[in-house]
Amino acid sequence: MILASDSSGRETWPSWVLLVATVLVSGLFITGPVLRRRYPLAWWLILGFPATALRVTYTWRALMAGCGLAVSRRPALTVVSGLIGNGAPPPQPRVPRRGLVRPTAGGFWLLVRLLPGQVPEDFVKAAPAMAEDWQVHAVRVTSWKPGIVRVAASVSDPLAAPRVPKQRGPGRLLCVAVGALETGAAWVVDLRRVPHWLIVGATRSGKSTLINALVAGLAPQPVALVGIDCKGGMELSLYEPRLSALATNRGQAVRLLTALVDLTLDRMTVCRAARVRNIWGLPDKQRPVPVVVIVDELAELFLVASRNEKDEAQAAGTALIRLAQLGAALGVFLVVAGQRVGSDLGPGVTALRAQLGGRVCHRVADPGTAEMALGDLNPDALKAAQAITPEQSGTAVLASGDGWERARSHLITEVEAEAVAAEYAHLTPVLSELHVEAR
Ligand SMILES: Nc1ncnc2c1ncn2[C@@H]1O[C@H](COP(=O)(O)OP(=O)(O)OP(=O)(O)O)[C@@H](O)[C@H]1O
Ligand SMILES: [Mg+2]
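Keep in mind that this is a model prediction, so the values were computed, not measured. (Residues numbered from 1 in each chain as written. Chains lettered and ligands numbered in written order. Predicted model: local features only at pLDDT ≥ 70, side-chain atom pairs only at ≥ 80, totals over all residues. Heavy atoms only, no water.)

A. Representation of the packing of helix α1 (residues 15–38) against helix α2 (residues 40–66). Put simply, α1 and α2 touch, their axes get as near as 6 Å, and they point 140 degrees apart. Looking at the two axes, α1 sits oblique to α2. Touching L28, G32, L35, R36, R37 and R38 of α1 are P40, W43 and L47, all from α2. Here the residues of the contact of α1 with α2 sort into five nonpolar, one polar and three charged. (Axes fitted to C-alpha atoms, helices over the stretch in contact; angles between N-to-C directions. Helix = DSSP H or I, 4+ residues; strand = E, 2+ residues; numbered from the N terminus. Parallel < 35°, antiparallel > 145°, perpendicular 65-115°, else oblique. Contact = heavy atoms within 4.5 Å. Nonpolar A, V, L, I, M, F, W, Y, C, P; charged D, E, K, R; others polar.)

Printed below as a string of structure tokens:
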């Protein structure tokens with residue numbers, strides 16, 4: 001070690017070491033704010049993370065005690081020692097053991113071993129207190145394996161300005177990166193894994209932007225896109241050159257959905273004859289083109305004013321449910337969007353919801369819609385969705401059988417989506433059986 005002795009014989013650091021250290025520390029203090037603005041990742045790894053890791057280490061015991069996650073040791077002995085006052089300090093309470101604090105691009109994570117009697121939910125409840133204590137944007141607690149939880153913190157909201165990756169080529173069939181997840185990973189809609197989706201959100205919450213991203217990603221792929229937009233085609237007609245069929249009112253929608261059910265049943269006959277369980281089992285040459293059906297504004301299909309409309313609404317609902325039931329194996333996928341999707345739209349909506357395994361809930365105007373989208377899958381997801389503010393357009397809570405997460409779609413404007421649809425218009429499959437007259 002480079003140590004010198006002073007006049008009293010004590011060992012001290014040589015003055016040049018102190019000078020270099022002072023220059024380095026003041027340099028970091030001066031350049032810190034610039035570094036943070038221009039190179040946030042470098043700032044986080046060099047300065048932010050070490051400081052936060054120290055804070056986590058030093059406040060761990062007090063934080064666990066404050067959150068009620070510490071258990072007292074030998075309580076009986078403590079009481080006795082207090083009564084007889086033998087001066088021995090009472091034993092420190094036991095706190096859950098924590099692993100190393102490890103950095104990520106936008107935060108850090110650590111593993112925690114639960115004490116006997118503790119369950120992961122105790123830590124989930126303590127997550128807001130941890131975020132406050134560590135001065136980070138959010139803390140998420142997930143079960144790692146029995147007896148251990150993973151605590152992950154994000155320093156700032158990763159969805160405030162998610163990076164839009166450049167998409168090269170058409171990508172994997174029926175897979176589209178539509179945005180970014182809170183973890184920083186890509187938000188990928190994979191229709192072969194989760195075939196049917198329900199997208200809800202109040203007006204201007206980001207539904208159409210998400211559909212734009214989905215259409216822009218699917219347009220270069222060998223798939224047929226079909227639109228049902230009973231708001232007079234205002235939204236989906238933008239992609240008309242790339243659509244194999246478009247219905248713009250309820251009458252057309254019912255005829256188109258009926259034609260889609262017939263197409264699905266025909267595919268079933270083909271699969272049965274070839275003794276395969278789904279279209280993916282058919283030889284490449286025989287395999288029919290996958291069809292993605294996009295419905296914008298579900299309520300327009302279900303809301304009724306007259307008897308005649310009631311029959312149409314019922315027919316539309318039944319056809320959608322049949323498509324959802326049969327479609328996945330036969331290459332027909334549903335993406336259904338709506339502002340208000342409540343049980344007041346009729347029993348058909350609840351039955352349809354049960355078939356739409358992928359859920360995307362943007363900011364909603366009524367709790368019933370969030371409940372419809374997420375309530376049956378995850379009550380925690382429901383709370384997260386209700387916390388989305390109007391300033392966070394495009395931010396949504398995603399839920400499927402696997403769990404839930406927050407995400408934000410890429411901002412793909414109508415103009416961009418329209419341009420992509422026009423560029424790939426030549427790939428539009430002709431499905432003559434889906435042609436419905438405009439009555
Ligand atoms: N992912 C996003 N990132 C940034 N801004 C977004 C995002 N999504 C939506 N927005 C903003 O919100 C506006 C409204 O979004 P969008 O048209 O998708 O809403 P909507 O839910 O379809 O509304 P409506 O129900 O009225 O059709 C967009 O024009 C855009 O400015
Ligand atoms: Mg819209």
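B. Broad picture of the coordination of the magnesium ion (ligand 2). Each protein donor to the magnesium ion (ligand 2) is listed here as S208 (OG) and E235 (OE); together their distances run 1.9 to 2.7 Å. Taken together, the positions of S208 in helix α5 (residues 207–218) and E235 in the loop between β11 (224–229) and β12 (243–247) put the pair 27 residues apart, joining distant regions of the chain. Under the relative-accessibility criterion, S208 is labelled buried at 16%. (Donors = N, O, S within 2.8 Å, 3.2 Å for Na, K, Ca; no water. Buried < 20%, exposed > 50% of the residue type's maximum accessible area, 1.4 Å probe, protein only.)

C. Looking closely at the site of ligand 1. Neighbouring ligand 1 are 16 residues, the closest being T203, K207, S208, T209 and S409. Within the contact set of ligand 1, an oxygen atom lies 3.2 Å away from a backbone nitrogen or oxygen of S205. Contact between ligand 1 and S208: an oxygen atom at 2.8 Å from a side-chain N or O atom of the residue. Expressed as a share of its isolated accessible area of 630 Å², the protein-covered part of ligand 1 is 80%. Put simply, the parts of the chain that give the shell around ligand 1 at least two residues each are α5 and β17 (403–409). Of the residues forming the shell around ligand 1, the biggest block, three residues, is contributed by α5. (Near = heavy atom within 4 Å. Polar contact = N/O pair within 3.5 Å; in protein donor to acceptor, adjacent residues only side chain to side chain. Areas by Shrake-Rupley, 256 points an atom, 1.4 Å probe, with all protein chains shown as cover.)

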